[in-house]
Amino acid sequence: MELRALQYFVTVAEELHFGRAAQRLHVVQPAVSQQIARLERDLGVRLLERTSRRVRLTPAGARVLAASREALAAAARVRVVAGEPAAVLRIGVASCATRRLDRAVQRLREGERPAEPELVDLPVAARIDAVRDGELDLALVRGALTSETVAVVRAWSEPLHAVLAPHHPAAGSSALALHDLDPDGLRLPARDTDPPLHDAILALLPVPPPRPPAGDMLNVLFEVSQDPGRWTLLPAEQLAGSRSERLLQVPLDPPLTIDTHVVTSLATPSPCRTAYVSAFAD
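Only a predicted model underlies this, so the values are computations on that prediction, with no experimental measurement involved.

A. Expanded view of the overall build of the chain. Summing up its helical and strand segments, the chain has ten helices and nine strands in all. At 24 Å, the chain has a C-alpha radius of gyration far larger than the 19 Å of a compact globule built from 282 residues. Taken along its principal axes, the extent of the C-alpha atoms in the chain is 75 × 40 × 35 Å. Out of the 282 residues belonging to the chain, those deemed buried represent 44%. Sequence separation of at least 24 residues holds for 71% of the intrachain contacts in the chain that already meet a minimum separation of 6. Total accessible area on the chain is roughly 14900 Å²; 53% of this is exposed by carbon and sulfur atoms. Positive and negative charge centroids in the chain, built from 32 and 34 side chains respectively, lie 9 Å apart.

See below:
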């Protein structure tokens, strides 16, 4: 039994199509069929039921699939330990570290296809363009996002928190409703700094903020920290990566949430995309 045969079997099981599996493996389809047939002979069981209309796993195939993935992951770890570097996985992110990001990096290193994540700090628009152009393998984008040039999959949701100065009148509250806060005091980053997040926050507000945007997020947070009448809204996990003694974050009641998406190339295989989303999901 060869690792190549296990890899071919896992690919066919993920695609449930010999032609697509051959494309992913960059081989001709008969080579895939030969490897599967050889593996079935070696194991003495039928792994796949194949008709002119579909391919599906047999009960034995489902059991062998799980064990094959474990074997391939173990082999990949052996290669890494022996000195063969893991594949670099370029991830576009914002310039803040979070527990979720740390956990996802570890999951990707230890996954079935071990990878060495490389974090690239880029503005949102540049992140999306870099994924489309193949300069990044994936990117994280908060907020409302649709695109015909990249694949967008929701990975998780997180609450919005109100951000206040410690001397704000509502700073002692354990939770706040939007109507508890003066709408004239709301400050948001300019839309061009993060269009998806900006649009998503605006969509959750009962009325648009009366004041014009205030530059980038750092400018907004500085203004809020200096003025007890001002406040802003930001995702809780984003705030966790930029804590300051001059700012407080207070949950909203009722809560408002923002989605974060994993963005990949349209050419990224579906199993890889699923693995990326799983690494970041709760």
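From this point, the discussion proceeds with the structure in view.
B. Examining the confidence of the model for the chain more closely. Confidence in the prediction of the chain, expressed as mean pLDDT, is 87, and 94% of residues score 70 or more. When mean pLDDT is compared element by element in the chain, strand E5 (residues 138-142) scores highest at 95, while helix H9 (residues 236-240) scores lowest at 79.

C. Geometry of the packing of helix H5 (residues 99-109) against helix H10 (residues 270-280). It is at 8 Å that the axes of H5 and H10 come closest, and there the two elements cross at 135°. Comparing their axes, H10 and H5 come out oblique. Of the two elements, H5 crosses H10, and the hand of that crossing is right-handed. Mapping the contact onto sequence places Arg 100, Leu 101, Arg 103, Ala 104, Arg 107 and Leu 108 in H5 and Tyr 276, Ser 278, Ala 279 and Phe 280 in H10.

D. Structural view of helix H6 (residues 124-132). All buried positions along H6 are accounted for by Val 124, Arg 127, Ile 128, Ala 130 and Val 131. The buried residues of H6 all sit within an arc of 160° when viewed along its axis, so they share a single face. Those residues of H6 that are buried are in contact with strand E3 (87-93), E5, strand E6 (150-164), helix H7 (195-204) and strand E9 (257-265). Trailing H6 by a residue or two, Gly 134 shows a phi angle of about 80°, which is positive.

E. Local environment of the environment of Phe 9. Here Phe 9 is to be found in helix H1 (residues 3-15). Since its relative accessible area comes to 0%, Phe 9 is described here as buried. Here the alpha-carbon distance between Phe 9 and Leu 47, two residues 38 residues apart in the chain, equals 8.6 Å. Apart from the residues lying within four places of it in its own chain, the contact partners of Phe 9 are Ile 36, Leu 39, Leu 47, Leu 48, Leu 57, Gly 61, Val 64, Leu 65 and Ser 68.

F. Examining the pattern of salt bridges more closely. Applying the stated rule across the entire model yields 16 salt bridges. Where Glu 15 meets Arg 24, a salt bridge forms, and the shortest distance between an N and an O atom there is 3.0 Å. For Arg 24, a relative accessible area of 22% gives the class partly exposed. With a shortest N-O distance of 3.3 Å, Asp 227 and Arg 230 are connected by a salt bridge.

G. Quick look at the pairing of E9. With five bridges joining them, E5 and E9 adopt antiparallel strand pairing. Bridging from a neighbouring strand, Arg 142 pairs with Thr 260 of E9.

H. Geometry of the packing of aromatic side chains. The tally for this structure, following the rule as stated, stands at one aromatic pair. A centroid spacing of 6.1 Å and a plane angle of 20° characterise the contact between Trp 156 and Phe 280, whose relative ring orientation is stacked. Placement of Trp 156 in strand E6 and of Phe 280 in helix H10 is noted, with a sequence separation of 124 residues between them. The exposure class assigned to Trp 156 is buried, which follows from its relative accessible area of 4%. Lying across the ring of Phe 18, Arg 50 places its NZ or CZ 3.9 Å from the centre.

So, how was this worked out
- Residues numbered from 1 in each chain as written.
- Predicted model: local features only at pLDDT ≥ 70, side-chain atom pairs only at ≥ 80, totals over all residues.
- Heavy atoms only, no water.
- Helix = DSSP H or I, 4+ residues; strand = E, 2+ residues; numbered from the N terminus.
- Rg over C-alpha atoms; globule rule 2.2 N^0.38 Å.
- Buried < 20%, exposed > 50% of the residue type's maximum accessible area, 1.4 Å probe, protein only.
- Contact = heavy atoms within 4.5 Å.
- Areas by Shrake-Rupley, 256 points an atom, 1.4 Å probe, with all protein chains shown as cover.
- Lys, Arg positive; Asp, Glu negative; His and termini not counted.
- Charge placed at Lys NZ, Arg CZ, Asp CG, Glu CD.
- pLDDT = per-residue confidence, 0-100.
- Axes fitted to C-alpha atoms, helices over the stretch in contact; angles between N-to-C directions.
- Parallel < 35°, antiparallel > 145°, perpendicular 65-115°, else oblique.
- Left-handed = near helix turned anticlockwise from the far one by under 90°.
- Arc of directions from axis to C-beta.
- Salt bridge = Lys/Arg side-chain N within 4 Å of Asp/Glu carboxyl O.
- Pairing = 2+ DSSP bridges.
- Phe/Tyr/Trp six-rings, centres within 6.5 Å; stacked < 30°, edge-to-face > 60°.
- Lys NZ or Arg CZ within 6 Å of the ring centre and 35° of its normal.

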